[in-house]
Amino acid sequence: MAELVYRPIVGVAQTFFKALDLKIDCKGSENIPRSGGAVLVSNHISYLDFIFNGLAALPQKRLVRFMAKESVFRHKISGPLMRGMKHIPVDRKQGDQAYAHALESLRSGEIIGVFPEATISQSFTLKSFKTGAARLAQEAGVPLVPMAVWGTQRIWTKGHPRNFKRQHLPVTIRVGERVEAPKDQYAGAITRRLRERCHELLEAAQRAYPGRPKGPDDTWWLPAHLGGTAPTPAEVRAAEAH
């Protein structure tokens, strides 16, 4: 089937990233299956994560259909593009509909992209995972593919202005080996195993990341445990409670 919207948008994104002179380091794309369904699972630290997740699948000649909040599909600009790329709207009040849509896509051989943290992590650490990705993989009989991105928060993330300046920023992407999701296993156990794998990949991406703060005022994008000034998970929870 012709991709009259998705492939041109990929080209635009690649041209845009080239104009920004982003230094993208992606390893592990071979773990994404060349055919058949799979659930691609990633950490979530930026509004642009889905684009970089999708780029990781291009060497395998795959396009990823992402599950995204329904409000994005109502926007006058992003809405037609999201629908044209066949992404899946998620209305939290009617989650069953999105789940059924994703399941049908998996069974037809598509790769579905999921952010099991549900929202951007403002501490830039891994939040708890919801079990939806594991349940989808179990019901569709497809593998889970864990991955992690790092550096994308420096471009555009929650609570900070967009940074579309040509600053040669590095972005690191790591894709891990597939995690199987047997139907006879508890989805919570699979989710814990999946989160552990994503955490390992995130730490690997952080170790490989060549970027460093440019000064004392540029530590906001580093989590507290790495010496940065991003809020701790506890501080984020306290702020959300208020």
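Treat the numbers as computed from the prediction; the structure is a model and nothing was measured.

1. Here's the deal with the side chain of Arg 174
(1) Moving on: Inspection of the secondary structure puts Arg 174 in strand S7 (residues 170-175).
(2) Moving on: Among the residues examined, Arg 174 registers a relative accessible area of 11% and is labelled buried.
(3) Moving on: Engagement of the side chain of Arg 174 in a polar contact is seen with the side chain of Asp 25, the distance being 2.8 Å.
(4) Moving on: With residues near it in sequence (within four places) discarded, Arg 174 still touches Asp 25, Cys 26, Lys 27, Pro 146, Met 147, Ala 148, Leu 201, Ala 205 and Ala 208.

2. Details of the packing of helix H6 (residues 132-140) against helix H7 (residues 187-208)
When two helices pack together, their arrangement is given by the angle between the helix axes and the distance between those axes.
(1) Moving on: Interaxial distance between H6 and H7 falls to 8 Å at its minimum, and their mutual angle equals 115°. Taken as a pair, H6 and H7 cross one another with a handedness that is right-handed. Note on element contacts: H7 touches H6 through Ala 187, Ile 190 and Thr 191, opposite Ala 134, Arg 135 and Gln 138.
(2) Moving on: Across the contact of H6 with H7, the residue classes break down as three nonpolar, two polar and one charged.

3. Remarks on the environment of Gln 14
(1) Moving on: Assignment of secondary structure puts Gln 14 in helix H1 (residues 6-20).
(2) Moving on: The exposure class of Gln 14 is partly exposed, given its relative accessible area of 41%.
(3) Moving on: Beyond its immediate stretch of four places on either side in the chain, Gln 14 contacts Leu 55 and Leu 58.

4. Observations regarding the pairing of strand S6 (residues 144-150)
(1) Moving on: S6 sits mainly inside the fold: seven of its seven residues count as buried.
(2) Moving on: Taking every second residue as pointing to the same face, both faces of S6 are buried, with Leu 144, Pro 146, Ala 148 and Trp 150 on one and Val 145, Met 147 and Val 149 on the other.
(3) Moving on: Bridge count for strand S2 (residues 38-42) against S6 is four bridges, and the pairing is parallel. Within S6, the position partnered with Leu 40 by the bridge is Val 145.

5. Brief notes about the side chain of Ser 105
(1) Moving on: Among the structural elements, Ser 105 can be located in helix H5 (residues 95-107).
(2) Moving on: The buried category is assigned to Ser 105, whose relative accessible area is 12%.

6. Structural notes on the pattern of salt bridges
(1) Moving on: One pass over the full model with this rule turns up nine salt bridges.
(2) Moving on: Between Lys 86 and Glu 3 there is a salt bridge, and its shortest N-O distance comes to 3.5 Å. In this pair, Lys 86 is assigned in the loop between helix H4 (78-84) and strand S4 (88-90) and Glu 3 in the segment before H1, connecting sequence segments 83 residues apart.
(3) Moving on: Residue Lys 86 is classed as partly exposed on the basis of its relative accessible area, which comes to 32%.
(4) Moving on: Across the pair Lys 23 and Asp 21 runs a salt bridge, and its minimum N-O distance is 3.0 Å.

Criteria and thresholds
- Residues numbered from 1 in each chain as written.
- Predicted model: local features only at pLDDT ≥ 70, side-chain atom pairs only at ≥ 80, totals over all residues.
- Heavy atoms only, no water.
- Helix = DSSP H or I, 4+ residues; strand = E, 2+ residues; numbered from the N terminus.
- Buried < 20%, exposed > 50% of the residue type's maximum accessible area, 1.4 Å probe, protein only.
- Polar contact = N/O pair within 3.5 Å; in protein donor to acceptor, adjacent residues only side chain to side chain.
- Contact = heavy atoms within 4.5 Å.
- Axes fitted to C-alpha atoms, helices over the stretch in contact; angles between N-to-C directions.
- Left-handed = near helix turned anticlockwise from the far one by under 90°.
- Nonpolar A, V, L, I, M, F, W, Y, C, P; charged D, E, K, R; others polar.
- Pairing = 2+ DSSP bridges.
- Salt bridge = Lys/Arg side-chain N within 4 Å of Asp/Glu carboxyl O.

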